[in-house]
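Below are the chains, spelled out letter by letter.
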Amino acid sequence: MIRNLTNTSGTLYRGKGTESPDFTKRKRRAGMKRLLSLAMAAAMVTSLCACGGGSTTTATTAAAGNSGTTESGATAATDGKNYDNVTLKLSYATGDTGMDGLTAIEFERLVEEKSGGKVQINRFPNCQLSGGDMVRHVEMMISGGAFELAIISENSFSDVDQTFQVTSIPFAFKNYDEAWEKADSTGGEFAKNLFDKYGVVYLSTFPNGIMQFANNKRELHTPADMKNLKMRTYGDLQMSLMRSLGADPTQLSWSELYSALQTGAVDGNMNGYQTLYSGSLHEVQPYITEVNVTLALYDFLANKASWEKLSPDTQELLQECATEAAQWGRDYMSKTEAEVKQTMIDYGVKVYVPTDEELQAFKDGAAPTIEEYKGIVGEEACKAWGIE
C-alpha cells in the first residue's frame, strides 16, 4: 500500500525522475555533524536491544502525521514460519515510475504474498517522511524511528562516508554484468560491512542506471566537444569529472533541471537512459553520447535497531524478498533500457556511440577524477569492487 503526505503549504510531494535533489554545501556540513551523532546513538540503541533479549515484533512510530499499524506477537504461517504480525514503512526517493518505486512495488507484493499477509509493507514515495529532503532521508535511515526500511541511492551516503562513492568512480564497469559479479560477492560484502558501521543493514542492490552524457547543443565525440558546456551535476564527484573533461559544472536540483534546459541555464547533464526518459528530458536534449561513464546503484536497506526487533523468520523473509526484488529490478532495467533508448531515438534524439579511440579520450580526460576518488575511497574499497 502507498501513503501520501503534503507539506505545510498543502502541496503533494511528487517525483518526476529517478534522482533525489542535490545536496547543498550548507546542508552537507550540518548533515555530517548530525549524522555522526545519530550513528553513535543508533549503535547504542542496537547494543541495548541486543542485551535486552529482543522482542519478536517491531512497532512503527508515527511520523509526519502518519502512523503505521502493528500487532504484537509472531504467529505461525501456513509454511510453519513464525512471521511477525507487523506493518513496516518503506521509504524511497522518487515516484512509482522510477526504478526505486517500481522495485518497491515488487518487494511489497513478494513480502505480503509470502507471509500470507502477516507482514505488511506501507510504501512512502518521494521522500515524504523526510519532507522531500534527501539529506534528512539518509539521517532518518540511520537514526531510525520514522521508517524501518528504505531504498536509497548508495551515493547519497557519501556525506556520511565518502567511501560510498566507490561504485561511482568513472569507467569502473563496462556493463551491468561486471557490476553484478562484484555486487553479489566481494563488493556486496564490503557494502554490507560499511553500512553496518552506521547502524544500517544492507540487503541487496539494483541499478538506477549506467550514466550517459546528454545535452542540447551538439554531438559529443571527444572531451574537446564538451568545452564550456554548462553541465548539471549531482555531488562533488560529478563536478570533478566535468571539470576534468573541460565542461562547466553547475549544481542544480533535479526538480529544476527540465526548465533549466529549456531556458539555457544549463546545456546538459549525465544520467541513465531510464532517468532521461522518465524525466522527459529527451524533449529538451536531442543529443546523447553513450559512454557508460558511471554506475548508479539503489540499495535495499533496513535500520539496524528496527531490524533486530524482528523475529528471525521475518528477517529471513525480508532478506529473501529484497534479493528477489533487486533481481527483478536488474532484469527490468536490462529490458527497458533498450526500449526507452529506441523510444527516444524515434522521438528524434541522436544517440552517438564513440569509437574505441574516442572512448579512450574520454577515459584519459577523466583520469584526474578517477585517481582522485580512488585515493578518497581507499584501496580496500577498490579491491572489493575490482577497480584497478
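Residues numbered from 1 in each chain as written. Predicted model: local features only at pLDDT ≥ 70, side-chain atom pairs only at ≥ 80, totals over all residues. Heavy atoms only, no water.

For the rest of this paragraph, the subject is the overall build of the chain. Within the chain one finds 12 helices and 13 strands. The buried share of the chain, taken over its 388 residues, is 57%. Across the chain, contacts joining residues at least 24 apart in sequence account for 75% of those joining residues at least 6 apart. When the accessible surface of the chain is summed, it comes to about 15,900 Å², and 50% of that surface belongs to carbon and sulfur atoms. (Helix = DSSP H or I, 4+ residues; strand = E, 2+ residues; numbered from the N terminus. Buried < 20%, exposed > 50% of the residue type's maximum accessible area, 1.4 Å probe, protein only. Contact = heavy atoms within 4.5 Å. Areas by Shrake-Rupley, 256 points an atom, 1.4 Å probe, with all protein chains shown as cover.)

Turning next to the packing of aromatic side chains. For the structure shown, the criterion picks out 12 aromatic pairs. Ring geometry for phenylalanine 164 versus tyrosine 198: centroids 6.3 Å apart, planes at 50°, classification tilted. A residue pair is termed long-range when its members are at least 10 positions apart, and phenylalanine 164 in the loop between strand E5 (149-153) and helix H4 (176-183) and tyrosine 198 in the loop between helix H5 (186-196) and strand E6 (200-210) qualify at 34 residues. Across the pair, tyrosine 198 and phenylalanine 164 agree in class, each one buried. Here the aromatic rings of phenylalanine 213 and phenylalanine 362 are separated by 6.0 Å at their centres, their planes lie at 55°, and the arrangement is tilted. (Phe/Tyr/Trp six-rings, centres within 6.5 Å; stacked < 30°, edge-to-face > 60°.)

Another aspect to go through is the environment of glycine 199. Residue position: glycine 199 is located in the loop between H5 and E6. The class of glycine 199 is buried, set by a relative accessible area of 6%. Taking the C-alpha atoms as reference, glycine 199 lies 9.0 Å from glycine 144; in sequence the two are 55 residues apart. Ignoring anything within four residues of it in the chain, the contact list for glycine 199 reads Ile142, Ala302, Asn303 and Lys304.

Quick look at the sheet that holds strand E13 (residues 350-352) now. One open sheet holds the 6 strands; their spatial order is E9-E8-E10-E7-E11-E13, and the pairing between them is mixed. The two strands at the open ends of the sheet, each matched to only one other strand, are strand E9 (248-251) and E13. Direction aside, the axes of adjacent strands within the sheet are offset by 30° on average. The pairing of strand E7 (residues 212-215) with strand E11 (residues 287-289) spans 3 bridges and is classified as antiparallel. Looking across to E11, one finds that phenylalanine 213 is bridged to threonine 289. (Pairing = 2+ DSSP bridges. Axes fitted to C-alpha atoms, helices over the stretch in contact; angles between N-to-C directions.)

Let us now look at unusual backbone geometry. A negative phi holds for most residues other than glycine; trans holds for most peptide bonds. Positive phi, normally seen in glycine, also occurs at asparagine 228, with a value near 65°. For asparagine 228, the position within the fold is in the loop between E7 and strand E8 (230-233). For asparagine 228, a relative accessible area of 57% puts it in the exposed group.

What follows is about the pattern of salt bridges. Side-chain pairing between opposite charges can occur once the charged atoms of the two side chains come close. By the definition in use, this model includes 13 salt bridges. In this structure, aspartate 96 engages arginine 123 in a salt bridge whose closest nitrogen and oxygen atoms are separated by 3.3 Å. Of this pair, aspartate 96 sits in the loop between strand E3 (86-92) and helix H2 (99-114) while arginine 123 sits in strand E4 (residues 119-124), and the two are 27 residues apart along the sequence. The class for aspartate 96 is partly exposed, based on a relative accessible area of 26%. (Salt bridge = Lys/Arg side-chain N within 4 Å of Asp/Glu carboxyl O.)

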